[in-house]
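A closer look at the structure
These are the residues of each chain, in order.
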Amino acid sequence: MELLYEKSKPGRRASTLPSYDLPAAEVPADLRRSEPPRLPELAEPELVRHFTELSTRNFGIDTGFYPLGSCTMKHNPRVNERVVMLPGFKDLHPHQEEAGAQGALELMWRLQEILKEVAGLDACSLQPAAGSQGELTGLMLMRAYFEDIGQGDQRDTIITADTAHGTNPASVTMAGYKLEKVATDARGNLDVDDLRAKVNERTAGLMLTNPSTLGLFDENIEQVAKIFHDAGSLLYYDGANLNAVCGISRPGDMGFDIVHINLHKTFSQPHGGGGPGGGPIVVREKLEPFLPVPAVVKDGDAFRLEHDRPKSIGKVRGFTGPFGVFVRSYAYIRAYGPGLREMSETAVLNANYLLAKLRDAYDLPYDRLAMHEFVLSARTLKREHGITALDVAKRLMDYGYHPPTIYFPLVVPEALMIEPTETEPKERLDAFVEAMLAIAGEAAETPELLKEAPTSRPVRRLDEVKAAKRAVVKYGFEEHPDLSAEAGEVRQLEAQKGA
Ligand SMILES: Cc1ncc(COP(=O)(O)O)c(C=O)c1O
């Protein structure tokens, strides 16, 4: 696809400006440009076509099935967008005095109350802007709590699972804790023996996703919670997989003391590729004094921000957090009402439906009832035909699907982690099954098709490291021909999409 600069022709314009009848502003000569800016010059139809074509080159949940495990790419109801665009929400200034922002404060307070109920815990802060920031905030709460009870120096270690999402160990390290990993047992649960050997008086806490990134609910969770509580440690629930259990089981009832909820996953919010997220944390009563300020509280019939909390860890995000995400999540939850449980039940049903259809064509490392996602392996395809999880993922793009998460969790070789979500109809699931089965057949019969894939997308297989580390995002003009050459090189890889 040609760049705007390559399409540019001198003198073409996309707009007509009225003639200016005010005296020209006096700009000192030394501040004036010596030559006009080098902007591309195009007429409006070409400009519109350019950006419209670009907009069709991204894959999104609105363009197709997006079973990216752990990311919960579900449909975002459009009514949420209407609600968030109401002027009272959209135009609200973060410095608006409380009396003039009662509706917004009430919405935040109500959302906190709902999240407390969903988590089965006692107090909530909406401030963190993502799951990963919720993790860091939760660990800061642990530190504040242990310092408060005089065990700050003693407790220096956090335990995570070897299936943990990368943000877990990163948050542990950022929070200044030592990291200890516990193995996964043959059924996909935390290895309780390994755990017992590692939990002691130095353990500040556990950080765990349940269901795990294998899509499996830990069958020993009560025992696990007891081991930590008996050692005086706390349990942190990484709520990224809440879409499996919402309205069915509650982290607080499982024994967790701190939970983050990824609003953008469970309660829908356009995300991925930089969309805003929300990672509220919900805690047991004894941790409430340490929550970030300001807290959103209800006083009689009014709502206000409470700043005076002497034990608080302070602020973790500007103002009161990502407000637009709160509005969308609240709208989403209210639309479901008591049917929120059905959301998770359908997500689990959809995952198990796919699993049942695909289990004979791919390896299934843990043969158990899946939750909202499941992990297959391309191990046998690799051994017998040299076809890897990456090849399967790339070929799926030719069939019109976003690939699943691959090579994660790390404990499964050639992992393919599939999360269909509850918003996909049976026909979509069936079509995806057909594609996955066809690909398994191609791996045996025409493996070169998989090695060459994708052939029908705007770009083929890129050097992903170079694309991430050396993205060419500016035009080189004649002074920097190397930039243009690099961009040209990338474009040579482009497939013949529509051309
Ligand atoms: C299991 C798990 N934990 C934590 C996170 C981090 O959440 P966020 O992307 O909101 O920072 C993710 C995100 O993908 C996840 O899948």
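Residues numbered from 1 in each chain as written. Predicted model: local features only at pLDDT ≥ 70, side-chain atom pairs only at ≥ 80, totals over all residues. Heavy atoms only, no water.

Turning our eyes to something else, we now look at the packing of helix α6 (residues 131–148) against helix α7 (residues 167–174). The N-to-C vectors of α6 and α7 enclose an angle of 40°; their axes lie 9 Å apart at closest approach. By the angle between their axes, α6 is oblique relative to α7. The handedness of the crossing between α6 and α7 is right-handed. Here S132, E135, L136 and L139 of α6 lie close against α7, whose contacting residues are T167, N168, S171, V172 and M174. Looking at the contact of α6 with α7, its residues break down into four nonpolar, four polar and one charged. (Axes fitted to C-alpha atoms, helices over the stretch in contact; angles between N-to-C directions. Helix = DSSP H or I, 4+ residues; strand = E, 2+ residues; numbered from the N terminus. Parallel < 35°, antiparallel > 145°, perpendicular 65-115°, else oblique. Left-handed = near helix turned anticlockwise from the far one by under 90°. Contact = heavy atoms within 4.5 Å. Nonpolar A, V, L, I, M, F, W, Y, C, P; charged D, E, K, R; others polar.)

Before going further, it helps to examine the site of the ligand. Neighbouring the ligand are the residues S70, A130, G131, S132, E135, H165, T167, D238, A240, N262, H264 and K265. A distance of 3.0 Å separates an oxygen atom of the ligand from a polar atom in the side chain of N262. Here the ligand has 390 Å² of accessible area as a free molecule, and 87% of this is covered by the chains. Mapped onto the shell around the ligand, the elements with two or more residues apiece are α6 and α11 (263–266). With three residues, α6 is the largest single contributor of residues to the shell around the ligand. (Near = heavy atom within 4 Å. Polar contact = N/O pair within 3.5 Å; in protein donor to acceptor, adjacent residues only side chain to side chain. Areas by Shrake-Rupley, 256 points an atom, 1.4 Å probe, with all protein chains shown as cover.)

In this model, N210 is joined to P211 through a cis peptide bond whose omega is 5°. In this structure, P211 sits in the loop between β4 (203–208) and α9 (221–230). Note that the residue after F408, namely P409, is joined by a cis bond; omega there is -5°. With respect to the element layout, P409 can be found in the loop between β11 (405–406) and β12 (415–418). Even without being glycine, T72 reaches a positive phi, approximately 45°. Tracing the backbone through its elements, the reader meets T72 in the loop between α2 (44–55) and α3 (78–84). For T72, a relative accessible area of 0% puts it in the buried group. Non-glycine residue Y407 carries a positive phi angle of around 55°. Relative to the assigned elements, Y407 resides in the loop between β11 and β12. Assessed through its relative accessible area of 34%, Y407 is described here as partly exposed. (Buried < 20%, exposed > 50% of the residue type's maximum accessible area, 1.4 Å probe, protein only.)

Remember, this is a structural readout, not a statement about activity or role.
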